[in-house]
Amino acid sequence: MSVDHDRWIEDVATLRRAAEELVQRRSRHPILAKKLNSPFDEIAQSLDDPSPEIRQKAVRDLYELDPDQAATFVNDALRAGTPEERRRIGTALADSGLLYEAIDDLMAENYESCYGAFSLLFLVAKAGVVEPLLEVIEKHPSLDLTLAVIRLLASSGEPEVTPALQKLASNNSLTPEIRHALGEAVAQLPN
């Protein structure tokens, strides 16, 4: 596994160098340099802002401007970011209100939005921001959505997930079906 991890780190470093070289080449050409200052790029730069409110607004604005490009951008940022950067992005996603809009889309059975909604939930989980998703498991009235969120969290591979799901599995206020699903998910996760 460490060989794969090392290879992945090398690949990320190579991609970063290639991106830096591309930026340098584009900056020498005025027509190409303009493309770097697109509204999307300008908003994306706000994700590095120290203010949580600015980051939340940036995430919302990116998704309103181009949801597919925003999802790709966030996924790439999560893949390349440090744990702290991933957490900040995930928190901005959750706190922007987009997470709850995605849950509402799933509950309304808006099939056109299902893929985007589950993608957003997965990005939040992948960022290590599991608290809002745990709240869905505990409080949401839809059994189908709750079970889907349990599977989503279990598949995220994030270290915070196992202890969180273990704790929920012992919560007697949850229905037996949900506790059973939590127990099965925990049994499949690495310790």
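Residues numbered from 1 in each chain as written. Predicted model: local features only at pLDDT ≥ 70, side-chain atom pairs only at ≥ 80, totals over all residues. Heavy atoms only, no water.

## Considering the packing of aromatic side chains
Here is step 1: One pass over the full model with this rule turns up one aromatic pair.
Here is step 2: Centre to centre, the rings of Phe40 and Phe73 are 5.9 Å apart; their planes meet at 85°, and the pair counts as edge-to-face. Here Phe40 is found in helix α3 (residues 39-45), whereas its partner Phe73 is found in helix α5 (residues 67-80), with 33 residues between them in sequence.
Here is step 3: The exposure class of Phe40 is buried, given its relative accessible area of 5%. (Phe/Tyr/Trp six-rings, centres within 6.5 Å; stacked < 30°, edge-to-face > 60°. Helix = DSSP H or I, 4+ residues; strand = E, 2+ residues; numbered from the N terminus. Buried < 20%, exposed > 50% of the residue type's maximum accessible area, 1.4 Å probe, protein only.)

## A word on the confidence of the model for the chain
Here is step 1: Across the chain, the average pLDDT comes to 81, with 80% of residues at or above 70.
Here is step 2: Here helix α2 (residues 30-36) stands out as the element of the chain with the lowest mean pLDDT, 43, in contrast to helix α12 (residues 176-188), whose mean of 94 is the highest.
Here is step 3: Ignoring residues within four places in sequence, the model shows residues 28-35, a span with pLDDT below 50, making four contacts including any to other chains. (pLDDT = per-residue confidence, 0-100. Contact = heavy atoms within 4.5 Å.)

## Here we look at the packing of helix α7 (residues 98-107) against helix α9 (residues 131-139)
Here is step 1: Between α7 and α9, whose axes approach to 11 Å, the crossing angle comes to 35°. Relative to α9, α7 is oriented so that their crossing is right-handed. Residues Leu99, Tyr100 and Ile103 of α7 form the contact with α9, whose own contacting residues are Pro132, Leu133, Glu135 and Val136.
Here is step 2: Tallied by class, residues from the contact of α7 with α9 come to six nonpolar, no polar and one charged. (Axes fitted to C-alpha atoms, helices over the stretch in contact; angles between N-to-C directions. Left-handed = near helix turned anticlockwise from the far one by under 90°. Nonpolar A, V, L, I, M, F, W, Y, C, P; charged D, E, K, R; others polar.)

## A look at the pattern of salt bridges
Here is step 1: For the coordinates displayed, the defined rule picks out six salt bridges.
Here is step 2: One salt bridge connects Lys57 with Asp61, and the closest N-O pair in it is separated by 2.7 Å. Of the two residues, Lys57 and Asp61 both sit in helix α4 (residues 52-65), four residues apart, roughly one turn of that helix.
Here is step 3: Arg87 is the salt-bridge partner of Glu131, the closest N and O atoms lying 3.3 Å from each other. Taken together, the residues Glu131 in helix α9 and Arg87 in helix α6 (residues 83-95) connect sequence positions 44 residues apart.
Here is step 4: A relative accessible area of 43% places Glu131 in the partly exposed class.
Here is step 5: Given the relative accessible area of 29%, Arg87 is considered partly exposed.
Here is step 6: The network of salt bridges with shared partners includes Arg60, Glu64 and Glu101. (Salt bridge = Lys/Arg side-chain N within 4 Å of Asp/Glu carboxyl O.)

## Here's the deal with the environment of Leu62
Here is step 1: Examined against the element boundaries, Leu62 turns out to sit in helix α4.
Here is step 2: Exposure remark for Leu62: the relative accessible area of 1% places this residue in the buried category.
Here is step 3: For Leu62 and Ala44, which are 18 residues apart along the polypeptide, the C-alpha to C-alpha distance reads 7.1 Å.

## As for the environment of Asp144
Here is step 1: Tracing the backbone shows Asp144 in helix α10 (residues 143-156).
Here is step 2: Residue Asp144 is classed as exposed on the basis of its relative accessible area, which comes to 62%.

## Focus: the packing of α4 against α5
Here is step 1: Between α4 and α5, whose axes approach to 5 Å, the crossing angle comes to 135°. Looking at the two axes, α4 sits oblique to α5. In contact with Leu62, Tyr63 and Leu65 of α4, α5 contributes Pro67, Ala70, Ala71, Phe73 and Val74.
Here is step 2: Looking at side-chain class alone, the contact of α4 with α5 contains eight nonpolar, no polar and no charged residues. (Parallel < 35°, antiparallel > 145°, perpendicular 65-115°, else oblique.)

## A few points about the nonpolar core
Here is step 1: The biggest cluster of nonpolar side chains holds 51 residues, and the ones touching the most others in it are Tyr63, Leu133, Ile137, Leu153 and Leu165.
Here is step 2: The element best represented in this core is helix α8 (residues 114-126), accounting for seven residues.
Here is step 3: Those residues in contact with Leu165 that sit more than four places away from it in its chain are Leu134, Ile137, Leu153, Ala154, Leu182, Ala185, Val186 and Leu189. (Core = buried A, V, L, I, M, F, W, Y, C linked by side-chain atoms within 4.5 Å.)

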